[in-house]
Amino acid sequence: MRQRSRRRIMRATVELVDLRGYAGTTLTDIAERAGLARGLLSYYFDGKRLLMQSATHRMMHQSLSAALDELAPDAGPEARLARAIDAVLGLAMDHPRVMRSHLALILDPDAGAFVQDPEQQQLGAIIQELLRDWGAPDPAAEHAVLRSALMGGCIGVLLPGAELPLAPIRADLFRRYDLPWRLGRPPQPLPPERERPPARG
């Protein structure tokens, strides 16, 4: 019952922030959407910021798990890592308000320290396993690097007024891990550098 209530609260948070943004969503709104008493939110989550963080990590964890489940059982480590990268970057395109709010909160030095909640730990465990299978000598350290690169990629896609196309961001990540462009879900048929016209002279 406790876990079911937590999941309802986190799902309602993502749905409302998708619609209204973080500032336009109150804890009362979330409680009403989840069909729970307002007091339960304070019982399960220590404030709106930590609720938002947990809700976003749950969304990321679910999206990543679903993306990996779509692959064939015999998919290799490169295909699985490529699919994971595309799943996280895809959230910036599919849930821009949620991801923008999440990034703003975790980067705000006045908002408090980053908390490794259970949803974030599950997400991290999946990515570390993917990196271990891919051949990373230190999956935990490589996870920290990949996490930073993915968040930087999401910022690039979401930066208001200076958004970057997804393709070059994805291409940089795929080059880092020596992943063929065709794996995962490419945003275009060829990587950006192969679509440039040949030099003359």
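Every value quoted in this text rests on a predicted model; they were computed, and no experiment measured them.

Engineer: How should helix H6 (residues 96–107) be read in this particular structure?
Structural biologist: Every α-helix winds through 3.6 residues per turn, so residues three or four apart in the chain are directed the same way. Here H6 spans 16 Å end to end across 12 residues, near enough to the 16 Å set by a 1.5 Å rise per residue. Along H6, the residues classified as buried are Val98, Met99, Ser101, His102, Leu103 and Leu105.

Engineer: How should the pattern of salt bridges be read in this particular structure?
Structural biologist: Side-chain pairs of opposite charge can arise whenever the charged atoms involved come near each other. Counted according to the given criterion, the structure contains 7 salt bridges. Two residues, Asp86 and Arg170, come together in a salt bridge whose shortest N-O distance is 2.7 Å. Placement of Asp86 in helix H5 (residues 77–94) and of Arg170 in helix H9 (residues 166–176) is noted, with a sequence separation of 84 residues between them. According to the relative accessible area criterion, Arg170 is buried, its value standing at 0%. For Arg175, the salt bridge identified is with Asp172, shortest N-O distance 2.3 Å. Of this pair, Arg175 and Asp172 both sit in helix H9, 3 residues apart, which is roughly one turn of the helix.

Engineer: What should I look at first to understand the packing of helix H4 (residues 48–69) against H5 in this one?
Structural biologist: A pair of packed helices is captured by two measures, namely the crossing angle of their axes and the spacing between those axes. The N-to-C vectors of H4 and H5 enclose an angle of 140°; their axes lie 9 Å apart at closest approach. Considered as vectors, H4 and H5 are oriented oblique to each other. Both H4 and H5 take part in a crossing whose hand is right-handed. Two secondary-structure elements touch here, H4 through Met59, Met60, Ser63, Leu64, Ala67 and Leu68 and H5 through Arg80, Arg83, Ala84, Ala87, Val88 and Leu91.

Engineer: I would appreciate a short explanation of the layout of surface pockets in the present structure.
Structural biologist: Where empty space is left in the structure can be found by rolling a water-sized probe over the atoms. Volume-wise, the second largest pocket comes out at about 220 Å³. In terms of lining residues, the second largest pocket is bounded by 14 residues, among which Arg83, Asp86, Ala87, Gly90 and Arg185 are the most central. Elements with a minimum of two residues in the lining of the second largest pocket: H4, H5 and H9. Among the elements that line the lining of the second largest pocket, the one with the most residues is H5, at 7 residues. Grouping the constituent residues of the lining of the second largest pocket by class yields 7 nonpolar, 2 polar and 5 charged.

Engineer: Looking at this model, I keep getting lost on helix H2 (residues 27–34). Mind explaining?
Structural biologist: Of all the residues in H2, the buried ones are Leu27, Ile30, Ala31 and Ala34. The arc that holds every buried residue of H2, seen down its axis, measures 100°, which confines them to one face. On its buried face, H2 sits against helix H1 (2–20), helix H3 (38–44) and H4. Of the residues trailing H2, Gly35 is marked for its positive phi of about 70°.

Cut-off values and rules
Residues numbered from 1 in each chain as written. Predicted model: local features only at pLDDT ≥ 70, side-chain atom pairs only at ≥ 80, totals over all residues. Heavy atoms only, no water. Helix = DSSP H or I, 4+ residues; strand = E, 2+ residues; numbered from the N terminus. Expected span 1.5 Å × (residues − 1). Buried < 20%, exposed > 50% of the residue type's maximum accessible area, 1.4 Å probe, protein only. Salt bridge = Lys/Arg side-chain N within 4 Å of Asp/Glu carboxyl O. Axes fitted to C-alpha atoms, helices over the stretch in contact; angles between N-to-C directions. Parallel < 35°, antiparallel > 145°, perpendicular 65-115°, else oblique. Left-handed = near helix turned anticlockwise from the far one by under 90°. Contact = heavy atoms within 4.5 Å. 1 Å grid on protein atoms, 1.4 Å probe; cavity = no way out; pocket = protein on both sides within 12 Å on 5 of 7 lines; lining within 4 Å. Points joined across faces, edges and corners; volume = space filled by probe spheres on them. Nonpolar A, V, L, I, M, F, W, Y, C, P; charged D, E, K, R; others polar. Arc of directions from axis to C-beta.

By themselves, these observations are geometric and do not establish any function.
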